[in-house]
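# Structural features, examined
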Amino acid sequence: MACRVQHSIQSSFWFLSSTPLRNSLNPRRNFFKNRINFGTELFFSSSSRTALYCTCSSSSSSGGDKDGFLTNGVGGDDSFVLTTPLYYVNAPPHMGSAYTTIAADAIARFQRLLEKKVIFITGTDEHGEKIATAAAANGSSPNEHCDVVSQAYKSLWKDLDISYGKFIRTTDPKHEAVVKEFYSRVLANGDIYRADYEGLYCVNCEEYKDEKDLLDDNCCPTHLKPCVKRKEDNYFFALSKYQQQLEEVLKQNPGFVQPSYRLNEVQGWIKNGLKDFSISRASVDWGIAVPNDAKQTIYVWFDALLGYVSALLEDSELASLDTAISSGWPASLHLIGKDILRFHAVYWPAMLMSAGIGLPKMVFGHGFLTKDGMKMGKSLGNTLEPTDLVQRFGPDAVRYFFLREVEFGNDGDYSEERFIRMINANLANTIGNLLNRTLGLLKKNCQSTLAVDSDIAAEGNEFKAAVEKLVEKACVHYQKLELSAACETVLEIGNGGNLYIDGQAPWTLFKQGGTAFETAAKDLVIVLEAMRIISIALSPITPGLSLKIYSQLGYTEEQFNAVSWSDTKWGGLKAGQVMAQATPIFARIEDGTEAETKSAATKKVKKEKIPKSKSPVEA
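Let us look at the structure shown here. Given the structure is predicted, the values throughout are model-derived calculations rather than measurements. (Residues numbered from 1 in each chain as written. Predicted model: local features only at pLDDT ≥ 70, side-chain atom pairs only at ≥ 80, totals over all residues. Heavy atoms only, no water.)

### Focus on empty space enclosed by the protein
Where we set the bar: For each structure, a 1 Å grid was placed over the protein atoms alone; sets of points admitting a 1.4 Å probe that cannot get out are labelled cavities, open sets with protein on both sides within 12 Å along at least five of seven lines are labelled pockets, and lining residues have an atom within 4 Å of a point. Grid points are joined across faces, edges and corners, and a volume is the space filled by probe spheres set on the points. Classes in brief: Ala, Val, Leu, Ile, Met, Phe, Trp, Tyr, Cys and Pro nonpolar; Asp, Glu, Lys and Arg charged; the others, Gly included, polar.
Each pocket or cavity is described by its volume, and for the largest cavity that value is around 50 Å³. If you go around the largest cavity, you meet 11 residues; those closest to its centre are G128, R281, V284, I298 and V300. The residue inventory of the lining of the largest cavity, partitioned by class, reads 5 nonpolar, 3 polar and 3 charged.

Shown next, in the form of structure tokens:
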């Protein structure tokens, strides 16, 4: 939807149980006969509690539970539908919107590893007053402006290795048809009426604000700009009618809003009383015309939220609300920034209830990225350019840092010094160096060929048992959207591999020959099997790096693309498998100080003359 701002290696594994959300009722009905009010229904049916095991699957047909598990999606165990916000195109993308999409991509990739049919929806929100103003400021038409900025999002998603399946633009004619049909359905249900409205309006939020929620001088607390007083003759949605139903949904399904502290916010808003809200604008031309009044356009939020549904339509399908719903709704997960939580967890469910459509399984509101202690946003002018970061450090480094550094759900601050330190320590040293030196030893002593199956090599081995526990633990973290903890857990396998190889010292055993040589050869197989598991378990976070690891272990790209989470089970490497040439998979990043030191050292060496009696190698 529219984004307007935007353990030790011996760690034990425990089994966790889940309380699934309720399944939605079939949305296909005759909504207009007798104008039946479906708003009084709850769109869930009961389901039993099931245990979550190491396979990271469940027999439940729901999308989440009170603990924040994402188990299954639409249509049972084999599908999963998730969405990012539809990003507002008043300006090019910044790191805040990139962060949401990176996280969504990691979740989508993990669900694919569970062999789910994933529908990953992203896109752009392109209507509203702010868009028309931005286009005029650039000397272009709104259409031209939207084309340019929407393409900038697509280009960035490509640079960041985002594997989305659907990209919806709210200027798409099919989307417009779905919005108009939805509006007519809600109107027929008696939930739209006409009235005058006067209040304080934030142009950047495209929302009327309560004066008690504003800062001094009526400034919006998000955009820090004064709200303007407006009076309009608008159409309103009867949100207050759905207060009791919303309270009941949250009571029966506390996993509907995650993390839990976001649920508390939503419950507080509802408890304080819901007010009907304006869903049209008389003063905005750039938008979808109200079906029963061409002089007004539909409010951008009432328009853009429907993008989650219209995106489900195939190019060859006629634009129909029922057709879109039958193609994958309800969504398993809406991933959003916390600033648009009210729209997704209050307005959107009520709108769906009014139209007789099932609710999404879960809304997850994550925190903000900050820079210099302030939330980044295009309107605030303090953005961090994701394209610049990708060009300097590569997509895997950018993806890993933000998902590892920020506990998903909370705010997180960017520091280049911390970025470089983390990437060097985790990716270049712990993972990259472990693979490089192990493959180097294998080439020197075993002609790059595995001497024994990894299962046989690790019989009774404590390191193998520790890896298996960590894989189970990482799976649970992914399920609970604990992406930082998932990164940390997979990194523990790398740390354990380094400790193991240092403790075994195979370089010494190879020199001893005999049974010591055989032990050393097995040790290398054990470490490389751990690297194989790391490449799969970390692939939702760093797909490019994981492919490099897998390729150096002697596999093809096609084999890598075909792996599933079940392939993290120990025993994949077999005797006789030939490893690729050892080449660094991740170059260490030099910060400014390191670069200056190396440059000075290089200049000093050049000034020193090598004695003629010795060659450079001998010296």
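### Considerations on the pattern of salt bridges
For the record, the criterion: Whenever a carboxyl oxygen of Asp or Glu lies within 4 Å of a side-chain nitrogen of Lys or Arg, that contact is scored as a salt bridge. The helix and strand labels rest on DSSP assignments: H or I over at least four residues marks a helix, E over at least two residues marks a strand, and numbering proceeds from the N terminus. Here's how the labels work: a residue is buried when its accessible area is under 20% of the maximum for its type, exposed when over 50%, partly exposed in between, all with a 1.4 Å probe on protein chains only.
Evaluation of the coordinates by the stated rule reveals 22 salt bridges. The partner of R262 in a salt bridge is E265, and the shortest N-O contact between them spans 3.2 Å. A residue pair is termed a helical-turn pair when its members lie 3 or 4 positions apart in one helix, as R262 and E265 do in helix 6 (residues 260-271) at 3 residues. Note on E265: relative accessible area 30%, which makes it partly exposed. Within this structure, D105, R109, D161 and R399 form a network of salt bridges that share partners.

### Topic: the packing of helix 1 (residues 95-113) against helix 3 (residues 142-159)
Stated precisely, the cut-off is as follows: Axis definition: a line fitted to C-alpha atoms, limited for helices to the stretch in contact. Angles are taken between N-to-C directions and run from 0 to 180 degrees. Angles below 35 degrees are treated as roughly parallel, those above 145 as roughly antiparallel, those between 65 and 115 as roughly perpendicular, and all remaining angles as oblique. Each helix crossing is assigned a hand: it is left-handed if the near helix lies turned anticlockwise from the far helix by less than a right angle, otherwise right-handed if that turn is clockwise. Residues are treated as being in contact if the distance between any of their heavy atoms lies within 4.5 Å.
At a minimum axis distance of 11 Å, the contact between helix 1 and helix 3 shows a crossing angle of 50°. Between helix 1 and helix 3, the interaxial angle falls into the category oblique. For the crossing formed where helix 1 meets helix 3, the hand is right-handed. In this structure, helix 1 contributes S97, A98 and T101 to the contact, and helix 3 contributes Y153, L156 and W157.

### Looking at unusual backbone geometry
Residue P259 is bonded to the preceding Q258 through a cis peptide linkage, with omega at -10°. Residue placement: P259 occurs in the loop between strand 10 (257-258) and helix 6. Of note, the bond from W329 into P330 is cis; its omega dihedral lies within 30 degrees of zero at 5°. You can see P330 is positioned in the loop between helix 9 (321-326) and strand 15 (333-337). The phi angle at E115 is positive, at roughly 65°, despite the residue not being glycine. With respect to the helices and strands, E115 occurs in the loop between helix 1 and strand 5 (117-125). Even without glycine at this site, L481 takes up a positive phi of about 60°.

### With respect to the side chain of E126
As a reminder, the rule being used: As used in this structure description, the phrase polar contact means that two N or O atoms lie within 3.5 Å; if the pair is within protein, one of them must be able to donate a hydrogen and the other to accept it, and residues adjacent in sequence are counted only when both atoms belong to side chains.
Here E126 shows up in the loop between strand 5 and helix 2 (129-137). A relative accessible area of 0% means that E126 is categorised as buried. Only 2.7 Å separates the side chain of E126 from the side chain of R169, close enough to count as a polar contact. Of note is the side chain of E126, whose polar atom sits 2.7 Å from the side chain of T171. Not counting residues up to four positions away in its chain, the partners in contact with E126 are V89, I131, C146, S150, R169, T170, T171 and W286.

### Brief notes about the environment of S310
Note on placement: S310 falls in helix 8 (residues 307-310). For S310, a relative accessible area of 4% puts it in the buried group. Excluding anything up to four places from it in sequence, S310 contacts I168, H175 and V178.

### Overview of the pairing of strand 7 (residues 192-202)
Regular strands have side chains that alternate between both faces of the sheet. In plain terms, the rule: If DSSP finds at least two bridges between two strands, the strands pair.
Where strand 7 lies against strand 9 (residues 228-237), 10 bridges are found, and the strand directions are antiparallel. Pairing of Y197 across the sheet is with E232, part of strand 9. Relative to strand 8 (residues 207-209), strand 7 runs antiparallel, the two being bridged by 3 bridges. Paired with C202 across the two strands is E207, which belongs to strand 8.

### Focus on the sheet that holds strand 8
Overall, antiparallel pairing links the 4 strands, which are arranged 8-7-9-11 in an open sheet. On the outer flanks of this sheet lie strand 8 and strand 11 (277-278), each paired with one strand and no other.

### Some remarks on the environment of V284
Relative to the elements of secondary structure, V284 occurs in the loop between strand 12 (280-281) and strand 13 (289-290). Given a relative accessible area of 8%, V284 falls into the buried group. Expressed as a C-alpha distance, the spacing of V284 and K130, which sit 154 residues apart in the sequence, is 9.5 Å.

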